[in-house]
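The residues making up each chain are set out below.
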Amino acid sequence: MNFEIEVNGNLIKAKNGETILQALNRNGIQVPTLCHLKNLNPTGACRMCVVEVEGKESLIPACSHPVEEWMKIKTHSTRVIKARKMNAELLLSNHPEECLFCDRNGNCELQKISEEMNVKERHFFKKTEKYRADYTNICLIHDPAKCILCGRCIRVCEEIQHITAIDYLERGSDMVVGTAFHQGLDNSACISCGQCILVCPTGALSENQDQDIIIDSLSNPDTKSVIQVSPCVSFSIAEVLNLKPSYNLHNVIYSVLRKIGFNRVADAAIASDIIAIEQAKRILEAKKNANGKPEFASCCPSWILYAQKHSPDFLPYISPLPSPMSLMGLLIDKMSVEKKSSDCKFFSVATTPCIAKKHELKVSFHNKFENKIDEVISTQELAKLIKLNGIDFNDITSHQDDEIINFSPTGSGTITAVCGGFTEIIIRTLYYLITNSDFDNREIKEIRNPKGRTEYFIEIGGYKFGFAIVNGISNVGTLLDEFRKGKNDIDFVEVAACNNGCISGGGQPINTKIDFTKSRIENIYNYEKETNSFYPYNNKNVLDLYENNINNNLLKKLNVNI
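Residues numbered from 1 in each chain as written. Predicted model: local features only at pLDDT ≥ 70, side-chain atom pairs only at ≥ 80, totals over all residues. Heavy atoms only, no water.

A.B. asks: Explain the overall build of the protein chain to me, please; I cannot follow it from the model alone.
C.D. replies: Summing up its helical and strand segments, the protein chain has 17 helices and 17 strands in all. Relative to the globule expectation of 24 Å for 562 residues, the C-alpha radius of gyration of the protein chain, 25 Å, shows essentially globular dimensions. Overall, the protein chain is about 80 × 55 × 50 Å in size when its C-alpha atoms are taken along their principal axes. Relative to its full complement of 562 residues, the protein chain shows a buried share of 56%. For the protein chain, restricting intrachain contacts to residue pairs at least 6 apart in sequence, the fraction spanning at least 24 positions comes to 73%. Accessible surface, the protein chain as shown: approximately 25,300 Å² in total, 46% of it carbon and sulfur. Across the protein chain, the centroid of the 63 positively charged side chains sits 2 Å from that of the 68 negatively charged ones. (Helix = DSSP H or I, 4+ residues; strand = E, 2+ residues; numbered from the N terminus. Rg over C-alpha atoms; globule rule 2.2 N^0.38 Å. Buried < 20%, exposed > 50% of the residue type's maximum accessible area, 1.4 Å probe, protein only. Contact = heavy atoms within 4.5 Å. Areas by Shrake-Rupley, 256 points an atom, 1.4 Å probe, with all protein chains shown as cover. Lys, Arg positive; Asp, Glu negative; His and termini not counted. Charge placed at Lys NZ, Arg CZ, Asp CG, Glu CD.)

Dropping the structure here:
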């Protein structure tokens, strides 16, 4: 039921059951908030969104109070502004004064609110606690000194990811956010998905960054630096480069990276194509042998960490195939061996939207093969590297050719960045392996943008295949329990620890006010259409790689049946 409420002297439409904040935002009226997260139940913890309601003695938190018919609300009265300013000053009373050195300087919500509230000096002082930052995790850093106890990270970890690695500890003025018994993130249930980083308003949680190591390699004349670009990085990096967020830099990013100083640039999407082909072969072989056991994709390192920590009984069911990032590193090394002289060192970098890839690089994972990557950086880190080098995007021309891998655009490999995309190209490949013809239903809408868990069944050449796509790590536990109880109609499982897939990884641009996920996904699927490259087995460069590098056993060190 709709009704009217009065806001700042004007009538606006409100809906029964929504909060004051929802009604205000829907009508284009903004009030500040630090604890609110869309689609999660409100907490009212930060008190920054308070409004004045006629007939109410106290100020009301807009994020948690429901609208009532004929309410008269003032969102920016003198009393409201003074209360918000007081709240901001109290939050700053024990906040470290190190904005200049903080990773979130310029993109800090507390900093922004303090500026809006015209906070120019401290009026409250609290004894600064000597918090120790947690560096135990390879992928992310937790600095309690910057925490404002908004609870966003706790709620994402518990309510969205269902991991519960962190929680409130202690009581009263001693309260902090941390892990059980203060043991550190590496000794907790954390799977390094980085979703807590994306919602933290102040940088109390941040990724462990490695740009300095890469800068040193770029300036070393005795080192040849090579970088691989994950399929979705170029579809999101514009969001932090002062460009139109929907701007696709896929064909420009290669020239940018060369200007920075990288000697070689490669698109990791081609490795996604190869892994999809090999995974399709494994699925078909298992079906012919009536294996009856599901195989899980090995692409998501957070899923593998989840299996290691929470469901080790399923580790044997994870595919032994390497991730596309790892395969690409090995391909680059093998293909460039003839081009590098004995006195020249190669430094290999992978840029990815996923911070858990740092864990995959530096810690032994389930599949053992020779690692040929030196450093992993996120989309955020790459953006900082580009800014540091003063690149003007208005003076960049598209460039794709590379001396290591001369490749044509690979649309099919690119859609693996979206949850369900990997399964989609596996199905296309399976159809070809069995029928020797292309799969006409190139867009399998049933598995695109899956909600929670989606199952898809298809019969090809007398074989019936079952696929499960798990969108978000919180949805995998139920499926695993079903397998334990005897579920046997699924041949392959794709697990994306982050909702919507790698496109929402923890290393992606941080913007808690605007969600660009939908436009990123649309741009990726549109790119596949533009390239007209739907089938990895028809891609000339994929075929060349098989002919010249895979079939002649150059990649035998993978220890899998490639």
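A.B. asks: Please explain the packing of helix H6 (residues 211-218) against helix H12 (residues 379-388) as it appears in this structure.
C.D. replies: Each packed pair of helices is defined by two parameters, the angle between the axes and the distance between the axes. Put simply, H6 and H12 touch, their axes get as near as 11 Å, and they point 45° apart. On the basis of their axis angle, the class for H6 and H12 is oblique. In this structure, H6 crosses over H12, and the sense of that crossing is right-handed. Within the contact between the two elements, H6 uses Gln211, Ile214 and Ile215 and H12 uses Glu381, Lys384, Leu385 and Leu388. A breakdown of the residues in the contact of H6 with H12 according to their chemical character gives four nonpolar, one polar and two charged. (Axes fitted to C-alpha atoms, helices over the stretch in contact; angles between N-to-C directions. Parallel < 35°, antiparallel > 145°, perpendicular 65-115°, else oblique. Left-handed = near helix turned anticlockwise from the far one by under 90°. Nonpolar A, V, L, I, M, F, W, Y, C, P; charged D, E, K, R; others polar.)

A.B. asks: Explain empty space enclosed by the protein to me, please; I cannot follow it from the model alone.
C.D. replies: A water-sized probe rolled over the atoms picks out the places where empty space is left. Tallied over the entire structure, the rule returns three cavities of 30 Å³ or more. Along the walls of the largest cavity sit 34 residues, with Cys299, Cys300, Lys357, Thr416 and Cys502 positioned nearest its centre. At the level of elements, strand E10 (223-229), helix H9 (301-310), helix H10 (324-335), strand E13 (345-352) and strand E17 (492-496) are the ones that each hand at least two residues to the lining of the largest cavity. Here the lining of the largest cavity is built from residues that sort into 22 nonpolar, 10 polar and two charged. (1 Å grid on protein atoms, 1.4 Å probe; cavity = no way out; pocket = protein on both sides within 12 Å on 5 of 7 lines; lining within 4 Å. Points joined across faces, edges and corners; volume = space filled by probe spheres on them.)

A.B. asks: What exactly am I supposed to notice about the nonpolar core here?
C.D. replies: Across soluble globular proteins, nonpolar side chains show a tendency to be buried alongside one another. If you look at the biggest cluster of nonpolar residues, it comprises 52 residues, and the most contacted ones within it are Ile426, Ile427, Leu430, Ile458, Phe465, Phe467 and Ile524. Secondary structure elements with two or more residues in this core: helix H8 (269-288), H10, helix H14 (421-435), strand E15 (453-460), strand E16 (463-471), E17, helix H16 (517-531) and helix H17 (540-550). With nine residues, the single largest contributor to this core is H8. Discounting chain neighbours no more than four positions away, the residues touching Ile427 are Phe439, Ile444, Ile447, Tyr456, Ile458, Ile460 and Phe467. Membership of the second largest hydrophobic core comes to 42 residues, among which are Cys153, Ile473, Leu479 and Ala497. (Core = buried A, V, L, I, M, F, W, Y, C linked by side-chain atoms within 4.5 Å.)

A.B. asks: Teacher, can you tell me more about the sheet that holds E10 here?
C.D. replies: Sheets are built from strands that pair by backbone hydrogen bonding, the pairs being arranged parallel or antiparallel. Reading across from one edge, E11-E10-E13-E14 is the order of the four strands in this open sheet, with parallel pairing throughout. Looking at strand neighbours, the two that pair on one side only are strand E11 (264-267) and strand E14 (375-378), the edges of this open sheet. Across this sheet, the average inter-strand angle for adjacent strands is 25°, counted without regard to direction. Sheet topology note: the E10/E13 ladder contains seven bridges and is parallel. Its bridge partner being in E13, Ser225 is matched across the sheet by Phe347. The strands touched by H6 within the sheet are E10, E13 and E14, with E13 carrying the most contacts at an inclination of about 140°. (Pairing = 2+ DSSP bridges.)

A.B. asks: Explain the confidence of the model for the protein chain here, please?
C.D. replies: Should pLDDT be low for a region, the predicted coordinates there are not to be read in detail. Per-residue pLDDT for the protein chain has a mean of 88; in total, 90% of the residues score no lower than 70. Of the regions scoring below 50 in pLDDT, residues 554-562 engages in 26 contacts with residues more than four places distant in sequence or in other chains. (pLDDT = per-residue confidence, 0-100.)

A.B. asks: Hey, could you run me through the side chain of Thr75 in this one?
C.D. replies: With respect to the element layout, Thr75 can be found in the loop between strand E5 (72-74) and helix H2 (78-92). Of note is the side chain of Thr75, whose polar atom sits 2.8 Å from the side chain of His76. Every residue in contact with Thr75, bar those within four places of it in the chain, is listed here: Val7, Asn8, Leu24, Ile29, Val31, Val51, Val80 and Arg84. (Polar contact = N/O pair within 3.5 Å; in protein donor to acceptor, adjacent residues only side chain to side chain.)

A.B. asks: Help me out: how do you make sense of the side chain of Asn471 in this one?
C.D. replies: Tracing the backbone shows Asn471 in strand E16. Under the relative-accessibility criterion, Asn471 is labelled buried at 6%. At 2.5 Å, the side chain of Asn471 forms a polar contact with the backbone nitrogen of Asn500. Ignoring sequence-local partners within four residues, the contact set of Asn471 consists of Cys419, Pro450, Gly452, Ala496, Cys498, Asn499, Asn500 and Gly501.

A.B. asks: Could you clarify how one ought to interpret the layout of surface pockets in this entry?
C.D. replies: Here the second largest pocket is characterised by a volume of approximately 490 Å³. As for the second largest pocket, its lining consists of 24 residues, of which Leu90, Leu91, Asn94, Ile148 and Leu149 are closest to the centre. Listing elements by their share of the lining of the second largest pocket, those giving two or more residues are H2 and strand E8 (176-178). With three residues, the top contributor of residues to the lining of the second largest pocket is H2. Its residues assigned to classes, the lining of the second largest pocket comprises 16 nonpolar, six polar and two charged.

A.B. asks: Please clarify how the state of the cysteines should be interpreted in this entry.
C.D. replies: Applying the stated criterion across every chain yields a total of zero disulfides. The cysteine Cys157 is free of any disulfide, with Cys193 supplying the nearest cysteine sulfur at 6.8 Å. Looking at Cys300, it has no disulfide partner, and the nearest cysteine sulfur is the one in Cys354, 6.2 Å off. (Disulfide = S-S within 2.5 Å.)

A.B. asks: I would appreciate a short explanation of helix H3 (residues 109-116) in the present structure.
C.D. replies: Structurally, the α-helix is built with 3.6 residues per turn, so residues lying three or four positions apart point the same way. Residues of H3 that are buried include every one of Glu109, Leu110, Ile113 and Ser114, and no others. One side of H3 holds all its buried residues, which, seen down the axis, span an arc of 135°. Structurally, H3 contributes buried residues whose contacts are with H2 and helix H4 (152-160). Downstream of H3 by a residue or two, Asn118 has a phi angle that is positive, lying close to 60°. (Arc of directions from axis to C-beta.)

A.B. asks: Can you help me understand the sheet that holds strand E4 (residues 60-61) in this one?
C.D. replies: Strand order in the open sheet made by the five strands is E2-E1-E5-E3-E4, with mixed pairing throughout. Single-partner strands in this sheet number two, and they are strand E2 (10-15) and E4. Looking at chain direction, strand E1 (residues 2-7) and E5 are connected through two bridges and run parallel. Directly across from Glu6, in E5, lies its bridge partner Lys72. Strands in contact with H2 are strand E3 (50-53) and E5; relative to E3, the strand with the most contacts, it is inclined by about 155°.

A.B. asks: Before we go on, may I ask you to explain unusual backbone geometry in this structure?
C.D. replies: Where the residue is not glycine, phi is negative for most of them; where a peptide bond is considered, it is trans in most cases. The phi dihedral of His162 falls on the positive side, at around 60°, and the residue is not glycine. Among the structural elements, His162 can be located in the loop between H4 and strand E7 (167-169). Phi at Asn449 is positive, roughly 50°, even though this residue is not glycine. Residue placement: Asn449 occurs in the loop between H14 and E15.

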